[in-house]
Amino acid sequence: MLKINRVHHIAIICSDYERSKHFYTQILGFKILQENYRAERKSYKLDLEVGNLYQIELFSFPTQHQGHRDLKLPACAI
């Protein structure tokens, strides 16, 4: 079995950015490290701190279909 010592970050893709941002910051209380609007993709990337060891990268893809089979992800997000 593979032994994993540490996880640096987890990427999460959402279709409703404002709702997801509210959930992770206001409900779960994660701290915003950086927020970027990527105009060429018409999407946001939000870096959140989880404790002092981990990060969540929240990506918005509002124009994509919901469901993993229909979602066309950029190669760097796979």
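Each remark here, short or long, concerns the structure printed above.
Residues numbered from 1 in each chain as written. Predicted model: local features only at pLDDT ≥ 70, side-chain atom pairs only at ≥ 80, totals over all residues. Heavy atoms only, no water.

J.: Account for the pairing of strand 4 (residues 54–60), with residues named and values stated.
T.: For strand 4, a buried count of 5 out of 7 residues is recorded, marking the element as mostly surrounded by other parts of the structure. Sheet analysis places strand 1 (residues 9–14) next to strand 4, joined by 6 bridges and oriented parallel. Within strand 4, the residue paired with Cys14 across the bridge is Ser60. Relative to strand 4, strand 3 (residues 43–50) runs antiparallel, the two sharing 6 bridges. Note on strand 4: the bridge partner recorded for Leu48 is Ile56. (Buried < 20%, exposed > 50% of the residue type's maximum accessible area, 1.4 Å probe, protein only. Helix = DSSP H or I, 4+ residues; strand = E, 2+ residues; numbered from the N terminus. Pairing = 2+ DSSP bridges.)

J.: Could you give an account of a nonpolar patch on the surface, with specific residues and numbers?
T.: A cluster of nonpolar side chains, Leu2, Ile4, Val7, Ile10, Leu53 and Tyr54, forms an exposed patch at the surface whose accessible area comes to about 620 Å². Tracing the chain through its elements places Ile4 in the segment before strand 1. (Patch = residues over 30% accessible without salt bridge, like charges linked within 9 Å, V, L, I, M, F, W, Y side chains within 5 Å. Areas by Shrake-Rupley, 256 points an atom, 1.4 Å probe, with all protein chains shown as cover. Salt bridge = Lys/Arg side-chain N within 4 Å of Asp/Glu carboxyl O.)

J.: Can you explain the pattern of salt bridges? Please cite residues and give values.
T.: In this structure the tally under the stated criterion is 3 salt bridges. Close ionic contact of Glu35 with Lys21 constitutes a salt bridge, the shortest N to O distance being 3.1 Å. With a gap of 14 residues between them, Glu35 in strand 2 (residues 31–38) and Lys21 in helix 1 (residues 17–27) connect regions that are remote in the sequence. Classification of Glu35 as partly exposed rests on a relative accessible area of 35%. Salt-bridge contacts for Lys45 lead to Glu57; the nearest nitrogen and oxygen are separated by 3.7 Å. In this pair, Lys45 is assigned in strand 3 and Glu57 in strand 4, connecting sequence segments 12 residues apart. Using a relative accessible area of 17% as the deciding quantity, one classes Lys45 as buried. You can call Glu57 buried: its relative accessible area is 16%.

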